[in-house]
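The lines below spell out each chain.
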Amino acid sequence: MDEKEKEELKKNIIAVLETVADPEIGIDVYNLGMIYGIDVIDEKHVKIKMTLTTPFCPLANILPMMVVDELKRKLGIEADVEIVMEPPWTPLMMTEKGRRIFKERYGYDIVEEYKKAQQAQ
């Protein structure tokens, strides 16, 4: 598999990740910034580093399985998902799209609120 093919597959993987929503927040794991790395091994195998919005996430076992299941179902890819907690997730990791979705859904910009809270400390 050459680099061009890997990049194309990576785009397809991201498109699938954008369909896997965190059930509590209602925004997909990719645009929430929960995906720290996608390593395409070959056309049928990928390794993903993923975090959680909190170490105490009640969906810690479910979210990685959702990612694995959707990649298998939609692309026929086997995925090894490793949960990593470093660096810890913050709203700053969200994509612009994730930020926009959050603001539309909840009525405020979580990144700006997070920055204000950090400055107040």
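The structure under discussion appears in the preceding block.
Remember, it's a predicted structure, so these values are computed and weren't measured experimentally.

Attention now moves to the environment of P55. Of note, P55 is situated in the loop between β2 (45-50) and α2 (62-75). P55 sits in the exposed class, given a relative accessible area of 58%. P55 sits 34 residues away from W89 along the chain, and the two C-alpha atoms are 9.2 Å apart.

Cis geometry marks the peptide bond from E86 to P87; its omega dihedral reads -5°. Within the secondary structure layout, P87 lies in the loop between β3 (78-83) and α3 (96-106).

With that settled, the discussion passes to the packing of helix α1 (residues 3-17) against α2. Helices that pack against each other are described as a pair by the angle of their axes relative to one another and the distance between those axes. Interhelical geometry of α1 versus α2 gives an angle of 120° and a closest axis separation of 10 Å. Of the possible angle classes, the one that applies to α1 and α2 is oblique. α2 is crossed by α1, and the crossing has right-handed handedness. Between α1 and α2, the contacting residues are N12, I13, V16 and L17 on the first element and V67, E70, L71, K74 and L75 on the second. Looking at the contact of α1 with α2, its residues break down into six nonpolar, one polar and two charged.

An order of β1-β2-β3 is seen for the three strands of this open sheet, with the pairing classed as mixed. Among the strands making up the open sheet, the edge pair consists of β1 (35-42) and β3. Between one strand axis and the next, the sheet turns by 15° as a mean value, whatever way the strands run. Taken together, the six bridges between β1 and β2 define a ladder with antiparallel strand orientation. Of the residues in β2, the one forming a bridge with G37 is K49. In this fold α1 packs onto β1 and β2, with an angle of close to 135° to the strand it touches most, β1. Where α2 meets the sheet, it contacts β2 and β3, and its direction lies at approximately 160° from that of β3.

About the criteria used
The numbering scheme is per chain: residues are counted from 1 as the chain's sequence reads. In keeping with the model being predicted, local features are shown solely for residues with a pLDDT of at least 70 and side-chain atom pairs are shown and tallied solely at 80 or more, while totals for entire chains, interfaces and linings include all residues. To obtain the side-chain values, all non-hydrogen atoms of the structure were used and water was disregarded. For helices the rule is a DSSP run of H or I covering at least 4 residues; for strands it is a run of E covering at least 2, with both sets numbered from the N terminus onward. Summary of the burial criterion: residues with accessible area below 20% of their type's maximum are buried, those above 50% are exposed, and those between are partly exposed, where the area comes from a 1.4 Å probe applied to protein chains only. Each axis is a line fitted through C-alpha atoms, and for a helix only the stretch in contact is used; angles between axes span 0 to 180 degrees, taken between their N-to-C directions. Orientation labels follow simple angle bins: below 35 degrees gives roughly parallel, above 145 gives roughly antiparallel, 65 to 115 gives roughly perpendicular, and whatever is left gives oblique. Should the near helix be turned anticlockwise from the far one by less than a right angle, the crossing is termed left-handed; should it be turned clockwise, right-handed. It only takes one pair of heavy atoms within 4.5 Å for two residues to be counted as in contact. Under this grouping Gly is polar, as are all residues other than the nonpolar Ala, Val, Leu, Ile, Met, Phe, Trp, Tyr, Cys and Pro and the charged Asp, Glu, Lys and Arg. Pairing between strands is defined by DSSP: at least two bridges between the two strands are required.

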